[in-house]
Structures are given as C-alpha cells and as structure tokens.
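Here's the letter readout for the chains.
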Amino acid sequence: MKIAIDGPVGAGKSTISDAVAKALGILHLDTGAMYRAAGLSCLRAGIPVEDEDRVTAHCRALELDVAYADGRQQTLLGGEDVSGLIRTEAVGKAASRVATYGGVRRAMVAAQQRIAEKTSMLVDGRDIGTVVLPDADVKIFLTAAAEERAMRRWRELQAKGDATPFEDVLRDLKARDHQDMNRPVDPLRVAEDAVVVDTTELDFDQSVAAIVRLIREKCGAEKEG
Ligand code: DC
C-alpha cells in the first residue's frame, strides 16, 4: 500500500501522517526530514546554500537513509542519526533553499523512491503524489486556510515562549506558500487524482479519523473492484 500526503506548510502533515500511519499499521516516511538532513550537511561542510553547483554536487554524494525504531523514523546522514539536529530554524531555512535545486530534488526523489519501494508506506511531503509516487493507491492534499495554519503555528510558538506577533507568522507562512507553489522545479500543487482534505474546521482527532476513513474506503473499494 502506498499513500501520498502533500500540502502546504502548517497543515499538520507530519503529526497527522504519523497518527494515520500508526492507525493503518504501516510506516511513515517524512521526506521533509531528508531535505533537512541535506541542508544540515551543507551547513556543516561550510557550503553556501546559494551556491547551486556546490550544493548539488554535495547532495548527490550524500549517504541518506532512514531507519525505524518502534515505528518512529530516524533520519540517517552517513549512518549518523540526525533526527534531533534537523529540527532548528536554521536547518529549516537551509532545507527550503536546497529544495529549490533540480539536481538536489532528483537525488532526493530517487532516495525516497528506493526507500518506499521496500514496504507499505505513507509518504508525506510537497511532491509525493505528483513526482515521487505518481502511482500511489491514495493521494491526499491536506490543507487549511492560511489564517488557521498561521494561528496553529502561532500557538505553538507561544507555548515555547516565543513572542513573535501573529501578523509576522501569517506573513511568513504566506511567503512560504508562495515559494513552494511557484518554484520552477516540482512546485507544490494538487495532483489530478488527489482528494483535498481541508482541516480548517477539524481538530487533530477529526482530521486523522477523516483521512483513515478515506484511505480505508478507497483501498477497500479497489480490493472489491
Ligand atoms: O516539511 P518540512 O518543513 O520538514 O520540509 C523542509 C523543507 O523541504 C521545506 O522547505 C519544503 C521542502 N520539501 C520539499 O521541497 N519537498 C518535499 N517532498 C518535502 C519537503
């Protein structure tokens, strides 16, 4: 079984994907973590992320893989578990830049396809239904209104003691949406055969339940048909 979940920043893809995969008893591949590991590696090597040629050469040679411990993804860079190190703002920024380069994307897509072909998986990212798994059994485009996504992000920041004003969070989120949807290589878009799930009016449990139901309906219907 291959499930593709794509969507804009702040739609809750990672946490919802984790819970959905668990409910279905399959593994979850977070492809954003791989772009983050590539970004981290460039930062460590002192390669300016603006230098497309050097970044691309560096990322092509990377040994990127994932392992699973108790069903949780560990992101491995040359065998080192970097799962914790990639969750910083600086690494997120570097990831977002290196993800705009065609050569980097080709290397990441090949690595993701190699990982996903081994077993049943739910894969989340920006280009899964369109590029990585065009033949996925179910494709979901998970979204919510920009104001709602910004509000969720703002609440997370507040809980961490970060006082960034809501207006700034909303402006940054809209800028990320624009960059993701307008980059020349593999922009974020709704695959033709994707089901759009809008979680603006749904809480976390309702979102997970809606997606699990949708996948069961689709996969059940395919088996019967
Ligand atoms: O989902 P995230 O924030 O962990 O992703 C990090 C960056 O990687 C983000 O800027 C978008 C990019 N990305 C991508 O271009 N394609 C994917 N399949 C996954 C992430």
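Remember, predicted model here, so these are calculated numbers, not experimental data. (Residues numbered from 1 in each chain as written. Predicted model: local features only at pLDDT ≥ 70, side-chain atom pairs only at ≥ 80, totals over all residues. Heavy atoms only, no water.)

Undergrad: Which parts of the structure should I look at to understand the pattern of salt bridges?
TA: Counting across every chain of the model gives 14 salt bridges. Between Arg126 and Asp180 there is a salt bridge, with the nearest N and O atoms lying 3.2 Å from each other. One end of the pair, Arg126, is in the loop between strand 6 (121-125) and helix 6 (128-132); the other, Asp180, is in helix 8 (residues 166-182), with 54 residues separating them in the sequence. The closest approach of N and O atoms between Lys174 and Glu147, which form a salt bridge, is 3.8 Å. With a gap of 27 residues between them, Lys174 in helix 8 and Glu147 in helix 7 (residues 146-159) connect regions that are remote in the sequence. We classify Lys174 as partly exposed; its relative accessible area is 42%. Here the salt bridges share partners, and the residues they tie into one network are Arg105, Asp127 and Asp186. (Salt bridge = Lys/Arg side-chain N within 4 Å of Asp/Glu carboxyl O. Helix = DSSP H or I, 4+ residues; strand = E, 2+ residues; numbered from the N terminus. Buried < 20%, exposed > 50% of the residue type's maximum accessible area, 1.4 Å probe, protein only.)

Undergrad: Teacher, can you tell me more about the pairing of strand 7 (residues 138-143) here?
TA: Looking along a regular strand, one sees the side chains alternate between the two faces of the sheet. With respect to burial, strand 7 is a largely interior element, six of its six residues being buried. Of the two faces of strand 7, the one carrying Val138, Ile140 and Leu142 and the one carrying Lys139, Phe141 and Thr143 are both buried. Bridge count between strand 7 and strand 8 (residues 195-198): four bridges; the pairing is parallel. By the bridge assignment for strand 8, Ile140 is matched with Val195. (Pairing = 2+ DSSP bridges.)

Undergrad: Hey, could you run me through the sheet that holds strand 8 in this one?
TA: Two pairing modes exist for strands in a sheet, parallel and antiparallel, and in both the strands are linked by backbone hydrogen bonds. Spatial strand order, 2-6-1-7-8: five strands in an open sheet with parallel pairing. Only two strands of the sheet have a single partner each, and these edge strands are strand 2 (27-30) and strand 8. Within this sheet the neighbouring strands show an average axis-to-axis angle of 25°, counted without direction. Sheet topology places strand 1 (residues 2-6) next to strand 7; four bridges connect them, and they run parallel. Looking across to strand 7, one finds that Ile3 is bridged to Val138. Along the sheet, helix 1 (residues 13-24) contacts strand 1, strand 2, strand 6 and strand 7; its crossing angle with strand 6, the most-contacted strand, is approximately 175°. (Axes fitted to C-alpha atoms, helices over the stretch in contact; angles between N-to-C directions. Contact = heavy atoms within 4.5 Å.)

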